[in-house]
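# Coordinate analysis (summary)
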Amino acid sequence: MTIPAVSSRDLPHPARAEIRLEGVLHALSDPLRLQIVRELAAVDDELSCSHFDLPVTKSTTTHHFRVLRESGVIQQIYRGTAKMNGLRRDDLDGLFPGLLDALLDAAARQAVRLGDR
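How each quantity is defined
Residues numbered from 1 in each chain as written. Predicted model: local features only at pLDDT ≥ 70, side-chain atom pairs only at ≥ 80, totals over all residues. Heavy atoms only, no water. Pairing = 2+ DSSP bridges. Helix = DSSP H or I, 4+ residues; strand = E, 2+ residues; numbered from the N terminus. Phe/Tyr/Trp six-rings, centres within 6.5 Å; stacked < 30°, edge-to-face > 60°. Buried < 20%, exposed > 50% of the residue type's maximum accessible area, 1.4 Å probe, protein only. Contact = heavy atoms within 4.5 Å. Axes fitted to C-alpha atoms, helices over the stretch in contact; angles between N-to-C directions. Polar contact = N/O pair within 3.5 Å; in protein donor to acceptor, adjacent residues only side chain to side chain. 1 Å grid on protein atoms, 1.4 Å probe; cavity = no way out; pocket = protein on both sides within 12 Å on 5 of 7 lines; lining within 4 Å. Points joined across faces, edges and corners; volume = space filled by probe spheres on them. Nonpolar A, V, L, I, M, F, W, Y, C, P; charged D, E, K, R; others polar.

## So, the pairing of strand E2 (residues 74-79)
With 6 bridges connecting them, E2 and strand E3 (residues 82-87) associate as antiparallel partners. The residue bridging Arg 79 from the neighbouring strand is Ala 82, located in E3. Between E2 and the antiparallel strand that follows it, E3, lie 2 residues; Gly 80 among them carries a positive phi value of about 65°.

## Considering the packing of aromatic side chains
Here the structure, examined in full by the defined rule, presents 1 aromatic pair. For the pair Phe 52 and Phe 65, a centre-to-centre distance of 5.4 Å together with 65° between the ring planes defines the contact as edge-to-face. Of this pair, Phe 52 sits in the loop between strand E1 (47-48) and helix H3 (58-71) while Phe 65 sits in helix H3, placing them 13 residues apart in sequence. Accessibility classification places Phe 52 together with Phe 65 in one group, the buried group.

## A word on the sheet that holds E1
Read from one edge of the open sheet, 3 strands run E1-E3-E2, paired in antiparallel fashion. Lying at the two open borders of the sheet, with one neighbouring strand each, are E1 and E2. Sheet analysis places E1 next to E3, joined by 2 bridges and oriented antiparallel. Paired with Leu 47 across the strands is Asn 85, a residue of E3. Relative to the sheet, helix H2 (residues 31-43) contacts E1, E2 and E3, its axis offset from that of E3 by approximately 80°. In this fold H3 packs onto E2 and E3, with an angle of close to 115° to the strand it touches most, E2.

## Concerning the environment of Leu 92
Among the secondary structure elements, Leu 92 is positioned in helix H4 (residues 89-95). Among the residues examined, Leu 92 registers a relative accessible area of 3% and is labelled buried.

## A closer look at the side chain of Arg 88
Along the chain, Arg 88 falls in the loop between E3 and H4. A distance of 2.9 Å separates the side chain of Arg 88 from the backbone oxygen of Pro 14, its partner in a polar contact.

## Overview of the layout of surface pockets
In this structure, the largest pocket spans a volume of roughly 310 Å³. Lining the largest pocket are 12 residues, and of these Pro 31, Gln 35, Arg 38, Ala 111 and Asp 116 sit closest to its centre. With 6 residues, H2 is the single largest residue contributor to the lining of the largest pocket. The residue inventory of the lining of the largest pocket, partitioned by class, reads 6 nonpolar, 2 polar and 4 charged. What the second largest pocket holds in volume is close to 240 Å³. Surrounding the second largest pocket, 13 residues form its lining, Cys 49, Lys 58, Thr 62, Phe 65 and Lys 83 being those nearest its centre. Only H3 and E3 provide two or more residues apiece to the lining of the second largest pocket. The greatest single-element share of the lining of the second largest pocket, amounting to 6 residues, is contributed by H3.

Take a look at the structure:
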């Protein structure tokens, strides 16, 4: 059962039991979404949407965050006027042990190999 939005500022998230492997893999298959997740994992804290410097329009950025949220990879919550993003590491590690760490490690190795950040 998806956790419904309580108010117009609350965003729906899938319940832990609804998170599916193929949704997570799809969400992480995009380089920009993977970059967002890497940054969230590196700080192990919430970051605002404005923290991320993505080379796309605001509407495309919103789309990427929505895909990550609807797949269960991140949780988004409003704190004042900022939309904060947090990695759902506990849920992902509980459902798919080792998957997130393996993907993050592979992404880091690829970034070094390709000279990305």
